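So you can see what is in the structure, the chains are spelled out below.
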Amino acid sequence: MNLQPVSANPLVAILRQADATTILDLSGEIDGFADEAMDDAYMRAAATNPQRLLLNFAAVDYINSTGIALIVAVLAKARRDKITLLTCGLSEHYQEMFRITRLSDFIPVFPDEESALAAP
Amino acid sequence: MADEQDKPVSKEVPEQEHPNEDAMQQAERDHWARPMGHIRADEVPPGASSANIEGRDVVNPTHGFGQLWRRTYRIRLKDVQSAPAEVMKYWKDHFPEFQPDENRFLPTSDGVQPGELVFIDAKLINAPGLGNLTPMTSGVMVIYADDESFTVMTPEGFPVSGFNTFSVYEEDGGIFAQVQGLERATDPIYEFGYRFMGGETKQDRTWTHVLKSLAARYGIDEDVEHTKTCLDPSLQWQNVGNVWKNAFVRTTLYKATTPVRWLFGGGSDKKP
């Protein structure tokens, strides 16, 4: 049963590859409406068997607490699949949200794609 | 949810070209609690205890032990004419009143606001003869609140590690009230309790009761829809040490040793 209506500005995820890292360029809103799009994006990314998955939030307009829960779910799946999850492009405010919710305990936060890809 | 005008604007745009940008970003920031170290219970409501919450850290599901579940409960508020924000305001203002009798929720004087605590005194298993044997004193922190939703996060030692989001929204011309949890049992004792001692059933009953009680205030008697999805069936054994902060064990030991403290003059007001 789908308990969520449709978003006016749905999440879009575009997949790219950079060596052993799969990059998900996210845009739109990450909230309760983004559930299926986030699930689908992760499944497509995991199908590439990456060592690392980089979530690029540079074009994300909005994340609310339900959206944070969706990112937690992606983190759980990545840990289950032994994929290292990284993030980049988070604004200062959203970096703060990652600290409040302690997501940053488990997901390294990089300012941009270059520094994330350069990380060991 | 924020509309187009509420969204944050790219950091590269000069501030003077968007005079409302700061105000918009500040409004969004105000929905969130401020980053904190350990939880500080600056205000403890009468009848509440800061045990098992003061000095703890909030935890998300990745800090927990058990299987990762997303549980969603919702009720249709049929024929309610109020806007979702009005219903949510009522829900926040009367939050403790919708709990079952065995759960006491005690918010601080500021109520359901980002960064505020809600103290909890509960019986984990509501079975004849067992209720009084399963006490738990702890609380949750409100980490997010806007006009139509709020989210609480649990501290170390709480039965589950994760989030609960309470929301009111429109769908198909109707208004729905919803509780959605994303959580793992915090340690092996709680995981056992959830699976084999009726803990999960108790949780289902609690949120069903809350939603039906809210609906009853509007004169509505509808069924609660319930879905649950296991997002990760594995156990996180690296977090087995969470058991040392188990709020149920600490509360039980504290209550069990109360007569000893009385006998030896230790008083009864110390925290477990």
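Worth saying up front: this structure is predicted, and the values here are computed from it rather than measured.

**Observations regarding the overall build of chain B**
Along chain B, the regular secondary structure elements total six helices and nine strands. Across the 272 residues of chain B, 51% fall into the buried class. Restricting to contacts in chain B with at least 6 residues of sequence separation, those with at least 24 account for 66%. Summing over all exposed atoms, chain B offers an accessible surface of approximately 13,000 Å²; the carbon and sulfur share of this is 53%.

**A look at the confidence of the model for chain A**
In the predicted model, chain A carries a mean pLDDT of 91, and the fraction of residues at 70 or more is 93%. Ranking the elements of chain A by mean pLDDT puts helix α3 (residues 92-100) of chain A last, at 92, and strand β4 (residues 84-88) of chain A first, at 97.

**A look at helix α1 (residues 35-46) of chain A**
Taking 1.5 Å of rise per residue, 12 residues should cover 16 Å, and α1 of chain A covers 17 Å from first to last C-alpha, within 8% of that figure. At its buried positions, α1 of chain A is contacted by β1 (12-18), β2 (21-30), β3 (52-63) and α2 (65-80) of chain A.

**With respect to the pattern of salt bridges**
Residues and elements named next belong to chain B. Under the criterion given, the structure shown has 22 salt bridges over all chains. Salt-bridge contacts for Arg40 lead to Asp42; the nearest nitrogen and oxygen are separated by 3.2 Å. Across this residue pair, the class does not change: Arg40 and Asp42 are exposed. A salt bridge links Arg74 to Glu225, with the nearest nitrogen and oxygen atoms 3.1 Å apart. Of this pair, Arg74 sits in strand β2 (residues 68-76) while Glu225 is found in strand β9 (residues 225-232), placing the two residues 151 residues apart along the sequence. For Arg74, a relative accessible area of 5% puts it in the buried group. Judged by its relative accessible area of 25%, Glu225 falls in the partly exposed class. The network of salt bridges with common partners includes Arg71, Glu183, Glu200 and Lys228.

**Some thoughts on the packing of α1 of chain A against α2 of chain A**
All names here are of chain A. Running from N to C, α1 and α2 cross one another at 20°; their axes reach a closest spacing of 10 Å. Judged by the angle between their axes, α1 and α2 are roughly parallel. The element α1 and its partner α2 pack so that their crossing is right-handed. Where α1 approaches α2, its residues Asp35, Met38, Asp39 and Tyr42 are matched on the opposing element by Leu70, Ile71, Val74, Lys77, Ala78 and Arg80. Its residues placed into classes, the contact of α1 with α2 shows six nonpolar, no polar and four charged.

**Focus: the nonpolar core**
Counting 53 residues, the largest nonpolar core has Leu26, Ile30, Phe57 and Ile63 of chain A as its most contacted members. Within the residue set of this core, elements represented by two or more residues are β2, α1, β3, α2 and α3 of chain A together with β4 (117-123) and β5 (135-145) of chain B. Tallying contributions element by element places α2 of chain A first for this core, with 10 residues. Trp91, Phe105, Val118 and Ala122 of chain B belong to the second largest nonpolar core, which has 38 residues in total.

**Comments concerning the interface of chain B and chain A**
Taken together, the 44 residues of chain B in the interface contact 36 residues of chain A. Summed over both partners, the interface of chain B with chain A buries about 3,400 Å², with 61% contributed by carbon and sulfur atoms. Connecting chain B to chain A are one salt bridge. For Asp35 of chain A, the salt bridge identified is with Arg70 of chain B, shortest N-O distance 3.3 Å. Put simply, chain B and chain A have eight residue pairs in polar contact (both at pLDDT 80 or more) between them. Sort the elements by how many residues they give to the side of chain B that touches chain A and strand β7 (residues 160-171) of chain B lands first, with five residues. Residue composition of the side of chain B that touches chain A, grouped by class: 18 nonpolar, 11 polar and 15 charged.

**Details of the packing of aromatic side chains**
All names here are of chain B. Going through the model one piece at a time under the given rule, you end up with 13 aromatic pairs over all chains. Consider the rings of Tyr90 and Phe98, whose centres lie 6.4 Å apart with planes at 45°: the pair is tilted. Taking 5.3 Å as the distance between ring centres and 90° as the angle between the ring planes, the aromatic pair formed by Phe95 and Phe150 counts as edge-to-face. Highlighted residues: Phe95 in the loop between α2 (84-93) and β3 (103-107) and Phe150 in strand β6 (residues 149-155), separated in sequence by 55 residues. Grouped by ring-pair contacts, the aromatic residues Trp91, Phe95, Phe105, Phe150, Phe166 and Trp207 constitute a single cluster. Across from the ring centre of Phe176, 4.0 Å away, lies the NZ or CZ of Arg74, which sits over that ring. The aromatic ring of Trp69 is capped on one face by Lys228, whose charged end is 5.0 Å from the ring centroid.

The rules behind each value
Residues numbered from 1 in each chain as written. Chains lettered and ligands numbered in written order. Predicted model: local features only at pLDDT ≥ 70, side-chain atom pairs only at ≥ 80, totals over all residues. Heavy atoms only, no water. Helix = DSSP H or I, 4+ residues; strand = E, 2+ residues; numbered from the N terminus. Buried < 20%, exposed > 50% of the residue type's maximum accessible area, 1.4 Å probe, protein only. Contact = heavy atoms within 4.5 Å. Areas by Shrake-Rupley, 256 points an atom, 1.4 Å probe, with all protein chains shown as cover. pLDDT = per-residue confidence, 0-100. Expected span 1.5 Å × (residues − 1). Salt bridge = Lys/Arg side-chain N within 4 Å of Asp/Glu carboxyl O. Axes fitted to C-alpha atoms, helices over the stretch in contact; angles between N-to-C directions. Parallel < 35°, antiparallel > 145°, perpendicular 65-115°, else oblique. Left-handed = near helix turned anticlockwise from the far one by under 90°. Nonpolar A, V, L, I, M, F, W, Y, C, P; charged D, E, K, R; others polar. Core = buried A, V, L, I, M, F, W, Y, C linked by side-chain atoms within 4.5 Å. Buried area = accessible area lost by both parts, 1.4 Å probe. Polar contact = N/O pair within 3.5 Å; in protein donor to acceptor, adjacent residues only side chain to side chain. Phe/Tyr/Trp six-rings, centres within 6.5 Å; stacked < 30°, edge-to-face > 60°. Lys NZ or Arg CZ within 6 Å of the ring centre and 35° of its normal.

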